[in-house]
Amino acid sequence: MRDGSASASEIASNIASGEITARAVIDATLARIAVINPKVNAFTDITAERARQSAEALDARRARGETLGALAGVPFAVKNLIDVAGLPTRAGSKINRDLPPATRDAMLVRRLEAAGAVLVGALNMGEYAYDFTGENVHDGPSRNPHGLDHMTGGSSGGSGAAVAAGLVPLALGSDTNGSIRVPSAFCGCFGLKPTYGRLSRAGSFPFVSSLDHLGPFARSVGDLALAYDAMQGADPDDPVATKRRLEPALPNIDRGASNLRIAIVGGHFAKHGDPYCFAALAKVARALGVTRTIELPEAGRARAAAYVITAAEGAALHLDRLRKRAGDFDPAVRDRLIAGSAIPAAWIIKAQRFRRWYRERVLQLFNDIDIILAPTTPCRAPKIGQTTFVLDGVTVPVRPNIGIFTQPISFIGLPVAAVPVWIDGGLPLGVQVIAAPCMEAHALRIARVLEQSRIAEARIASPD
């Protein structure tokens, strides 16, 4: 347990059998965080006393012969835009840490704890989630455990770093335009962006309500499914939360890929990347025996429309803070929000109309396809502080171009399993396994096939 390599399912099984106590797991976790976190800067808050009390309560229940939950004793942490009772919900900002502490845990925290998981803290992130790099001017950048001078990706950078460094087997993040999938790719771990509305967002600080998702990170597909299943359910406190019945993914992840129709996405997704990003996709396609290629209609335009909606909704949310405390923002975030406030209403209306058109056309593709494969990022993790990179022979800014392949997918709320792929011994890359709405189980099945074949692999780093 001390090296951080144990999976969530292994921990829960060992605690349920009495092979180890929950308190011992939490003590080992807190000790590892104390040593490793100063190097990777994943945690902004550590809830040590709460974690110890929760672990002791679990041990007492087991001693009484009570049945424990599927995540009994599993340490987890959450992006710091998710409410944790007793902590201010920072959302990566200087301004929010002046707010009163949350009085209640977010719904997903409560559901994980109901399954026995133990919260150990809150995680670093880009300010107000308006970030693709994992660099925070207030708390410092989260650092990639596989290369400490490289970005984790954002905005859920602390979540990706915590899982990849073996600090916790499970973490929660949010994804508006790619903020689960990008850190999953850069840090080399699995992530799940569920269907829009599939998991409750109640008790989380919003960024763009019409695009925001919450979801898990893990080092195995089984753990990803285990966490996803524990968090499912309707929630009247989230107005867009699904009312669908529970549809557990874990029982089906070993069904294989034989009856699923899979295609690679071309067009927009076959350019704007470096050779390694496309090599990772080709490696996955070969492993699955996929040769069919399709295109998402107007994907480039979808990315542009996502930018318009993101900027406009984000600016509207923060106008009062911009008026009163503009100097307390990250200047880069502040300037993007101010620019968003100046977007003409006609542009926003046009972007939303296009969004409906685009969603209808993409959903038609799922009439004869089940899974779409796409690259996650156009490159490996850039270095912290790097502001430009070269794509297609052109030097472009890093920050707005990291999400070039993720934005056209989250724009219409499709579920995606993010799988890590390693090429030529360098830093990891990622591939998106995209499914039809509410078919997370299909995406997780393909991720599991890739994991079992060692094509998709999460590796724990030992930061020096």
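Just so it is clear, the structure is predicted and the values come from calculations on it, not from any experiment.

Chemist: Describe the overall build of the protein chain, naming the residues involved and giving the relevant values.
Modeler: Across its full length, the protein chain carries 14 helices and 15 strands. Its C-alpha atoms give the protein chain a radius of gyration of 20 Å, near enough to 23 Å, the size a compact globule of 464 residues would have. Dimensions along the principal axes, computed over C-alpha positions, put the protein chain at roughly 60 × 55 × 45 Å. Counting every position in the protein chain, which comprises 464 residues, the buried fraction comes to 62%. Contacts spanning at least 24 positions in sequence make up 78% of the contacts within the protein chain whose residues lie at least 6 apart. Across the protein chain, the mean location of the 52 positive side-chain charges is 4 Å away from that of the 44 negative side-chain charges.

Chemist: An account of the sheet that holds strand β3 (residues 118-123) is requested, with residue identities and associated values reported.
Modeler: Across the sheet, which stays open at both edges, the 11 strands sit in the order β1-β3-β2-β6-β8-β7-β14-β15-β11-β9-β10 with mixed pairing between neighbours. The open sheet has two edge strands with one neighbour each: β1 (43-46) and β10 (293-294). In this sheet, strand β14 (residues 416-421) lies alongside strand β7 (residues 190-193) in antiparallel orientation, the contact comprising 3 bridges. What sits directly across from Lys193, in β14, is Val416.

Chemist: Provide a residue-level description of the layout of surface pockets, including the pertinent values.
Modeler: Within this model, the largest pocket holds a volume of roughly 280 Å³. Lining the largest pocket are 17 residues, and of these Tyr130, Phe132, Tyr307, Thr310 and Arg336 lie nearest its centre. Counting residues per element, the ones that place at least two in the lining of the largest pocket are α9 (299-325) and α12 (398-401). Here the lining of the largest pocket takes 4 residues from α9, the largest share from any one element. Residue composition of the lining of the largest pocket, by class: 9 nonpolar, 5 polar and 3 charged.

Chemist: Give me the lowdown on unusual backbone geometry, citing residues and values where you can.
Modeler: Here Gly154 and Ser155 are connected by a cis peptide whose omega angle stands at 5°. Here Ser155 shows up in the loop between β5 (147-151) and α5 (157-164). One non-glycine residue with positive phi stands out, namely Glu298, at about 60°. Relative to the assigned elements, Glu298 resides in the loop between β10 and α9. Unlike most non-glycine residues, Arg454 shows phi in positive territory, near 70°.

Chemist: Requested: an account of the side chain of Lys193, with residues and values cited.
Modeler: Along the chain, Lys193 turns up in strand β7. For Lys193, which is buried and forms no salt bridge, the nearest opposite charge comes from Asp175, at a distance of 5.9 Å. Engagement of the side chain of Lys193 in a polar contact is seen with the side chain of His213, the distance being 3.1 Å. At a separation of 2.4 Å, a polar atom in the side chain of Lys193 contacts the main-chain carbonyl oxygen of Leu414. Residues in contact with Lys193, not counting those within four places in the same chain, are Asp175, Ile180, Arg181, His213, Ser410, Gly413, Leu414, Pro415 and Val416.

Chemist: Requested: an account of the packing of α9 against helix α11 (residues 345-365), with residues and values cited.
Modeler: Contact geometry for α9 and α11: axes closest at 9 Å, N-to-C directions at 135°. Judged by the inter-axis angle, α9 sits oblique to α11. Pair α9 / α11 crosses with left-handed handedness. Listed contacts from α11 to Ala299, Arg301, Ala302, Ala305, Val308, Ile309, Ala312 and Glu313 of α9 are Trp347, Ile348, Lys350, Ala351, Gln352, Phe354, Arg355 and Tyr358. Its residues placed into classes, the contact of α9 with α11 shows 11 nonpolar, 1 polar and 4 charged.

Chemist: An account of empty space enclosed by the protein is requested, with residue identities and associated values reported.
Modeler: Summed over the entire model, instances satisfying the criterion amount to 2 cavities of 30 Å³ or more. The computed volume of the second largest cavity comes to approximately 40 Å³. What lines the second largest cavity is Asp45, Asn80, Ile82, Val84, Leu87, Pro88, Thr89, Arg90 and Ala122.

Chemist: Tell me about the pairing of β14, residues and numbers included.
Modeler: For β14, a buried count of 6 out of 6 residues is recorded, marking the element as mostly surrounded by other parts of the structure. Of the two faces of β14, the one holding Val416, Ala418 and Pro420 and the one holding Ala417, Val419 and Val421 are both buried throughout. Relative to strand β15 (residues 429-435), β14 runs antiparallel, the two being bridged by 6 bridges. Each bridged residue has a counterpart across the sheet, and for Val416 the counterpart in β15 is Ile434.

Chemist: Explain α5 to me, using residue names and the numbers behind them.
Modeler: Along α5, 8 of the 8 residues are buried, which leaves the element largely enclosed by surrounding structure. All of the buried residues in α5 are Gly157, Gly158, Ser159, Gly160, Ala161, Ala162, Val163 and Ala164.

About the thresholds
Residues numbered from 1 in each chain as written. Predicted model: local features only at pLDDT ≥ 70, side-chain atom pairs only at ≥ 80, totals over all residues. Heavy atoms only, no water. Helix = DSSP H or I, 4+ residues; strand = E, 2+ residues; numbered from the N terminus. Rg over C-alpha atoms; globule rule 2.2 N^0.38 Å. Buried < 20%, exposed > 50% of the residue type's maximum accessible area, 1.4 Å probe, protein only. Contact = heavy atoms within 4.5 Å. Lys, Arg positive; Asp, Glu negative; His and termini not counted. Charge placed at Lys NZ, Arg CZ, Asp CG, Glu CD. Pairing = 2+ DSSP bridges. 1 Å grid on protein atoms, 1.4 Å probe; cavity = no way out; pocket = protein on both sides within 12 Å on 5 of 7 lines; lining within 4 Å. Points joined across faces, edges and corners; volume = space filled by probe spheres on them. Nonpolar A, V, L, I, M, F, W, Y, C, P; charged D, E, K, R; others polar. Salt bridge = Lys/Arg side-chain N within 4 Å of Asp/Glu carboxyl O. Polar contact = N/O pair within 3.5 Å; in protein donor to acceptor, adjacent residues only side chain to side chain. Axes fitted to C-alpha atoms, helices over the stretch in contact; angles between N-to-C directions. Parallel < 35°, antiparallel > 145°, perpendicular 65-115°, else oblique. Left-handed = near helix turned anticlockwise from the far one by under 90°.

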